[in-house]
Amino acid sequence: MWTWFYRLASPPYVYRVAALWIPWFLTAAAITIGCGLIDGLGFAPPDYQQGDAFRIIYVHVPSAWMSEFTYACMAVAGAIGLIWRIKMGHAVAAAAAPIGASFTLAALVTGSLWGRPMWGTYWAWDPRLTTELILLFLYVGVMSLRSAFEDPARGDRAAALLSVVGVVNLPIIHYSVVWWNSLHQGATVAKLGKPDIELSMLWPLLSMMLGFMCFYAAVLCIRLRGEILDRERQATWVREAVKS
Amino acid sequence: MNSGFWSMGGYARFVWPCFGFVFAVLAWNLWAARRHLAQARRRALRAIAMAGSTP
C-alpha cells in the first residue's frame, strides 16, 4: 500500500496513469449524468410544494457538493505539499482550484435562480449563501496568491497555507442551516439513516452527484497533466512524454 | 415532447437557465483543461528546443 502511495509522488507515473484514467472517468460521467438527467427531468414526480422548480436540485446540489469536496481535496493536497514537501501535492492543489471555483459559481447561480421563485429574491445574506460566497472568494484568493509570487515554490506554499486555513469554512457551510436561522432548507440527502427525500427523486440526484464526481476526476487528471508538464519542463522524461 | 415538459409547471425561466448554466460550466471546464494541457505541452516543447539549441 505504501509503495503505491509513494508512486503517487512520482510525476512521470502520475502523468502516465492520469492519461489512462481520463477516458474512463469521462465515459462514467457521461453515462451517470445522462441517466440522472433523463430520470430527474423525465420521470421524477414534481414536488408537492415547489412543483417542477425542485428539479433545479439535480444541478444545484451536485455543484454545491463538488464545490466543498474539491476544496477539501485542494486543502489536503496543499497540506501534503506543505508538510511532506511533495511537489505533486502542490500540483494537485493548483489543478483543483479553478475547477472548484467554477463549481462554486455554478452552485451560487443555480441557488440564486432557485431562490427567486421559492424565497421571492435572487439573493439574501443568509448564512448558507454567505459562507458559499466566502468559499468562492477563498478559491479566487488561493489562485491569485499562487500566481502572485515570482518564485513558484513560494507561491505554492502560500496558496497551500491559505487553503488549509480556509478549511474552517467547510463545516460552517455544512452546519450553517443548523446553527443559524436560515432561508435555506436543512440537510436532506446527507442525513444519516433515512434521507428526507422520496426515493424516486433521490436516485437521479445520486446519479448526478456520481456523474459530477467522475467529471471532476477527469478534468482534474487533464489539468494535472498540464501542471506536471509545466513544473517538470526541464526533466529528461518530459522530452519523451511530449514527443510521443 | 409535450409543452408541459418544456414549461416545467410555469418555472421554465428558472429551471432551464440553471441547467444551461451548469452544463456551460462543465463544457468550459473540459475546454479550459484541454487548452491548459496543450499550452503546457507547447511550452515544454519550446523549452526542449531551446535546450537543444544551446551549446
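Reading the values: the criteria
- Residues numbered from 1 in each chain as written.
- Chains lettered and ligands numbered in written order.
- Predicted model: local features only at pLDDT ≥ 70, side-chain atom pairs only at ≥ 80, totals over all residues.
- Helix = DSSP H or I, 4+ residues; strand = E, 2+ residues; numbered from the N terminus.
- Rg over C-alpha atoms; globule rule 2.2 N^0.38 Å.
- Buried ≥ 20, exposed ≤ 12 C-beta atoms within 10 Å, placed from the backbone.
- Contact = placed C-beta atoms within 7 Å.
- Nonpolar A, V, L, I, M, F, W, Y, C, P; charged D, E, K, R; others polar.
- Expected span 1.5 Å × (residues − 1).
- Arc of directions from axis to C-beta.
- Core = buried A, V, L, I, M, F, W, Y, C linked by C-beta atoms within 7 Å.

Quick notes on the overall build of chain B
The secondary structure content of chain B amounts to two helices and zero strands. A globule of 55 residues ought to have a C-alpha radius of gyration of about 10 Å, yet chain B, at 22 Å, is considerably larger. In terms of its C-alpha atoms, chain B occupies a principal-axis envelope of roughly 70 × 20 × 10 Å. By residue count, 22% of the 55 residues in chain B fall in the buried class.

Description of the interface of chain B and chain A
In this complex, chain B contributes 26 residues to the contact, which on the side of chain A involves 32 residues. Taken together, the residues of the side of chain B that touches chain A sort by class into 20 nonpolar, three polar and three charged.

A few points about helix 6 (residues 152-166) of chain A
Residue pairs spaced three or four apart in an α-helix point in one direction, given the helix's 3.6 residues per turn. Residues and elements named next belong to chain A. Here helix 6 spans 21 Å end to end across 15 residues, near enough to the 21 Å set by a 1.5 Å rise per residue. The set of residues buried in helix 6 consists of Asp 156, Ala 159, Ala 160, Ser 163 and Gly 166. One face of helix 6 carries all of its buried residues, which in axial projection span an arc of 125°. On its buried face, helix 6 is in contact with helix 3 (57-83), helix 4 (87-119), helix 5 (127-148) and helix 7 (169-179).

What about unusual backbone geometry?
In the Ramachandran plot, Arg 85 of chain A falls in the positive-phi region, its phi being about 55° despite a non-glycine side chain. As for its position among the elements, Arg 85 of chain A is in the loop between helix 3 and helix 4. Judged by the 11 C-beta atoms lying within 10 Å of it, Arg 85 of chain A is exposed. Even without being glycine, Met 8 of chain B reaches a positive phi, approximately 50°. Looking at the element boundaries, Met 8 of chain B is found in the loop between helix 1 (3-7) and helix 2 (12-53). Look at Met 8 of chain B and you get partly exposed, because 19 C-beta atoms sit within 10 Å.

Observations concerning the nonpolar core
Ranked by internal contacts, the top residues of the largest apolar core, which has 73 residues, are Ile 56, Ala 93, Ala 96 and Leu 224 of chain A. Going through the elements one at a time, helix 2 (11-43), helix 3, helix 4, helix 5, helix 6, helix 8 (199-231) and helix 9 (236-243) of chain A together with helix 2 of chain B are the ones with two or more residues in this core. Excluding anything up to four places from it in sequence, Ile 56 of chain A contacts Thr 110, Leu 113 and Trp 114 of chain A together with Phe 14, Val 15 and Cys 18 of chain B.

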